[in-house]
Amino acid sequence: MSLGYKQIEATRLDYKLSLEEGKPKSWLKSVSAFANSQGGHILFGVTNDTHFAIGLDDPQLTTTEIAEFIAARISPTPRYEISTFMAEEQRRLCVELIIQNGPDYPYYYSFDGVKEAYVRHGDRSEKASDYELNNLILKGMNKTYDSLPSNYKYNDVSFTLLNATYKKENEDELSIPKDLISMRLLSSDNMVTNAGVLLCDQGFLSQSKIVCTRWKGYEKGSVEGDALDDKEFSSSSLINLLMDAEAFIRNNSKNAWTIRGMKREEKSDYPFKAVREVLVNAMIHRDYQIVGSEIHVDMFDDRLEITSPGGMLNGSRIQDLDIRRVPSMRRNEIISDIFGRLHYMDRRGSGIGRILSSYDEFAQRPQFFSTDYYFLVVLPNRSEIELSQLRISESQLSFEKPQLSSAKPQLSQRKTQLTSEKNQFGDESVNTKAYIDDKDWEIVYFRDVVLRNKCGDFKTKTLDGLLELFARYRYMYHFNRRIVADVLNISENWASQLIKKCINRGIIKKLMRDVYCFILDDSQKEL
């Protein structure tokens, strides 16, 4: 049969040469992790290093023992299937164990007095932290954090701002406390839920805060006296926090959005609709169980970054998905419902589409990135995008500063694919899948100067892959090992080795564990 497992994401795939009856925990922890995460596959009879299918001595016995081990040591029993497939070169069978995720979270490995839940981090199965275990328990109870009761009673709080905002948006006042109970901000015994604590005037939840900074330049700490403005907003309703963050962004934009009559002008550094959508998403989707964390708004000369605690709810990474088809999943259902009633968001889950649409006329697009622990959205400064689109011809590629025309550049959306163009690394042609403007001086400079001087001994296929990676992420956006592997069509192990080589040659730098970006060298800073 076709070895279709080679097309499965590495995060959802484990390899075992044999069942390892003497230490079954080595693969049973992956059963727990897959059931607690997005599901996955374990292949028995396949080498872990080369992923070569060599087969099993007794696949029938392996199948039986897999079922016995799962029944005895995984609680509750997850949904799974077992099938076989033919090894690559020998007439031997391999066994494929397919584990489905949920719905009876958490799934524990339980044996000899040990009871542990595992989750998937990248291509590893690791013991769930207390925070992750709490999330799994809530999922198993079909509850969200904001629905849980707090330690506050109705008489401890007030909802003046919520009531006033609701009246303004809906031309009707709330019937308090009756409507607060129906909205699940209060329980029937007048205890305030966590959602109520987040939306009350007092803002008692300590981690409900937004830290805003306007940095000087393009990176944190790159310029002496680097913070031009900074504010921390807390101890208030989410409604107030939203308005304060919007005001900070507006006040620190050179070209801020303005209001004329009833119409909001959008000739601004950042479109109001996109800013509102990203901030609202950060508030309603952030994980409030991560104590000591907050939403960060970081403004640079060329971009706005908004980071919120907590990754994708289903454990996936947004950079690995089709951005216009990301499913709508709500970590905090009550807060989402209230923000929908206040018309701060669309309940149909079309927020990402609106963010992207606000940049339809620009070549540079918003970027989305997530890990297990945080979610990042980057909005380019629309006033700076025009400057970044200035073109130079290939004959001008040198370390001299290009002559910039005084005429305003035309922002064309026409994209061309780099094909059959001779490069300077050899006689083979560039054949990258990235759709880019072939007159973009930054792309051409990276290809013909940076790669030529620092990676000239790399294979042409590798150079093409690095060029495509650069076309996607440039100098301001982050990527990880999995993305490098996907773009270059190589294994994640080879991707790690390539990243190390690029770090040693000074074209990539490591920001944190499995998070990297391209380095803007001194020659390009002069351009």
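Check the entry above for the structure.
Residues numbered from 1 in each chain as written. Predicted model: local features only at pLDDT ≥ 70, side-chain atom pairs only at ≥ 80, totals over all residues. Heavy atoms only, no water.

1. Quick look at the overall build of the chain
Scanning the chain from N- to C-terminus turns up 16 helices and 22 strands. Of all 527 residues assigned to the chain, the portion counted as buried reaches 51%. At a minimum sequence separation of 6, the contacts of the chain that also span at least 24 residues come to 65%. A total accessible area of about 26,000 Å² is found for the chain, and carbon and sulfur atoms account for 47% of it. (Helix = DSSP H or I, 4+ residues; strand = E, 2+ residues; numbered from the N terminus. Buried < 20%, exposed > 50% of the residue type's maximum accessible area, 1.4 Å probe, protein only. Contact = heavy atoms within 4.5 Å. Areas by Shrake-Rupley, 256 points an atom, 1.4 Å probe, with all protein chains shown as cover.)

2. A closer look at the pairing of strand β8 (residues 124-127)
With 4 bridges connecting them, strand β7 (residues 114-121) and β8 associate as antiparallel partners. By the bridge assignment for β8, His121 is matched with Arg124. (Pairing = 2+ DSSP bridges.)

3. Some points on the sheet that holds strand β2 (residues 40-44)
Taken together, the 4 strands give an open sheet; going across it, the order is β1-β2-β5-β4, and neighbouring strands pair in mixed fashion. Each having just a single partner strand, β1 (13-16) and β4 (80-86) make up the two edges of the open sheet. In this sheet, adjacent strand axes meet at a mean angle of 20° when their direction is disregarded. Sheet topology places β2 next to strand β5 (residues 93-99); 5 bridges connect them, and they run antiparallel. Within β5, the position partnered with Leu43 by the bridge is Glu96. On the sheet, helix α1 (residues 25-36) packs against β1, β2 and β5 and is oriented at approximately 160° with respect to β2. Across the sheet, helix α2 (residues 59-73) is in contact with β2, β4 and β5; its angle to β5 comes to roughly 20°. (Axes fitted to C-alpha atoms, helices over the stretch in contact; angles between N-to-C directions.)

4. Let's talk about the sheet that holds strand β18 (residues 374-380)
Strands belonging to one sheet form pairs held by backbone hydrogen bonds; the direction of such a pair is parallel or antiparallel. Across the sheet, which stays open at both edges, the 6 strands sit in the order β12-β11-β15-β16-β18-β17 with mixed pairing between neighbours. Strands with a single pairing partner mark the edges of an open sheet, and in this sheet they are β12 (227-233) and β17 (367-370). Within the sheet, the average angular offset between the axes of one strand and its neighbour, ignoring direction, is 10°. Against the sheet, helix α7 (residues 238-251) engages β11 (210-215), β12, β15 (295-299) and β16 (303-309), with an angle of about 175° to β12.

5. Details of the environment of Asp14
Within the fold, Asp14 resides in strand β1. Along the backbone, Asp14 and Leu43 are 29 residues apart, and their C-alpha atoms lie at a distance of 6.3 Å. In this view, Asp14 contacts Ser30, Phe34, His41, Ile42, Leu43, Arg120, Asp123 and Ser125; residues no more than four positions away in its chain are not counted. Within the structure, Asp14 has its side chain in polar contact with the side chain of Ser30 (distance 2.5 Å). Polar contacts involving the side chain of Asp14 include one to the side chain of Arg120, which spans 2.7 Å. (Polar contact = N/O pair within 3.5 Å; in protein donor to acceptor, adjacent residues only side chain to side chain.)

6. Here's the deal with helix α12 (residues 441-454)
The first and last C-alpha atoms of α12 sit 18 Å apart over 14 residues, in line with the 20 Å expected at 1.5 Å per residue. Helix geometry: α12 is bent most strongly at Arg447, by close to 25°. α12 sits mainly inside the fold: 11 of its 14 residues count as buried. Residues Trp441, Glu442, Ile443, Val444, Tyr445, Phe446, Arg447, Asp448, Val449, Val450 and Leu451 constitute the buried set of α12. (Expected span 1.5 Å × (residues − 1). Bend = angle between axes of the 7 residues up to and from the residue.)

7. With respect to the nonpolar core
Inside soluble globular proteins, nonpolar side chains tend to come together where they are buried. Core analysis: the biggest nonpolar cluster contains 65 residues, and Leu162, Leu185, Ile249, Val297, Leu304, Phe339 and Leu379 have the highest contact counts within it. Looking at which element gives the most residues to this core, the answer is helix α8 (residues 272-285), with 9 residues. Those residues within four positions of Ile249 in sequence are excluded, and the remaining contacts are Trp257, Tyr270, Val275, Leu279, Val297, Met299 and Leu304. Core analysis: the second largest hydrophobic core is formed by 37 residues, Ile443, Leu451, Leu467 and Cys502 among them. (Core = buried A, V, L, I, M, F, W, Y, C linked by side-chain atoms within 4.5 Å.)

8. A short note on the side chain of Arg317
The topology assignment puts Arg317 in the loop between β16 and α9 (333-341). For Arg317, a relative accessible area of 15% gives the class buried. Other than its neighbours up to four places away in sequence, Arg317 contacts Thr11, Met312, Ser370, Asn480, Arg482 and Asp514.

9. Remarks on the packing of aromatic side chains
All told, the structure shown has 11 aromatic pairs when counted by the stated rule. Counting every residue linked through ring pairs, the aromatic cluster contains Phe446, Phe470, Phe479 and Phe518. The ring of Phe300 carries the charged tip of Arg303 above its face, separated from the ring centre by 4.0 Å. (Phe/Tyr/Trp six-rings, centres within 6.5 Å; stacked < 30°, edge-to-face > 60°. Lys NZ or Arg CZ within 6 Å of the ring centre and 35° of its normal.)

10. A word on the environment of Gln202
Tracing the backbone through its elements, the reader meets Gln202 in the loop between α6 (194-199) and β11. Classification of Gln202 by relative accessible area gives partly exposed; the value is 26%. Taking C-alpha positions, Gln202 is 8.7 Å from Phe159, a pair spaced 43 residues apart along the chain. Beyond its immediate chain neighbours, meaning those up to four positions away, Gln202 contacts Asp156, Val157, Ser158, Ser235 and Ser236. Engagement of the side chain of Gln202 in a polar contact is seen with the side chain of Ser158, the distance being 3.1 Å.

11. Focus on the pattern of salt bridges
Inspection of every chain in the model, using the stated rule, returns 24 salt bridges. The salt bridge partner of Arg214 is Asp301, with a shortest N-O separation of 3.0 Å. Separated by 87 residues along the polypeptide, Arg214 in strand β11 and Asp301 in the loop between β15 and β16 bring together distant segments of the chain. One network of salt bridges, in which partners are shared, links Asp123, Arg124, Glu126, Arg481 and Glu492. (Salt bridge = Lys/Arg side-chain N within 4 Å of Asp/Glu carboxyl O.)

12. A closer look at the packing of α12 against helix α13 (residues 460-473)
Relative to each other, α12 and α13 sit at 145°, their axes nearing to 10 Å. The chirality of how α12 crosses α13 is right-handed. Residues Glu442, Ile443, Phe446, Arg447 and Leu451 of α12 form the contact with α13, whose own contacting residues are Leu463, Leu466, Leu467, Phe470 and Ala471. Counted by class, the contact of α12 with α13 contains 8 nonpolar, no polar and 2 charged residues. (Left-handed = near helix turned anticlockwise from the far one by under 90°. Nonpolar A, V, L, I, M, F, W, Y, C, P; charged D, E, K, R; others polar.)

13. Topic: the packing of α7 against α8
Relative to each other, α7 and α8 sit at 140°, their axes nearing to 10 Å. Our classification of the angle between α7 and α8 gives oblique. Judged by the sense of rotation from one axis to the other, the crossing of α7 with α8 is right-handed. For the pair α7 and α8, the contacting residues are Leu238, Leu241, Leu242, Ala245, Glu246 and Ile249 in the first and Phe272, Val275, Arg276, Leu279, Val280 and Met283 in the second. (Parallel < 35°, antiparallel > 145°, perpendicular 65-115°, else oblique.)

Functional significance is not addressed by these values, which are geometric in nature.
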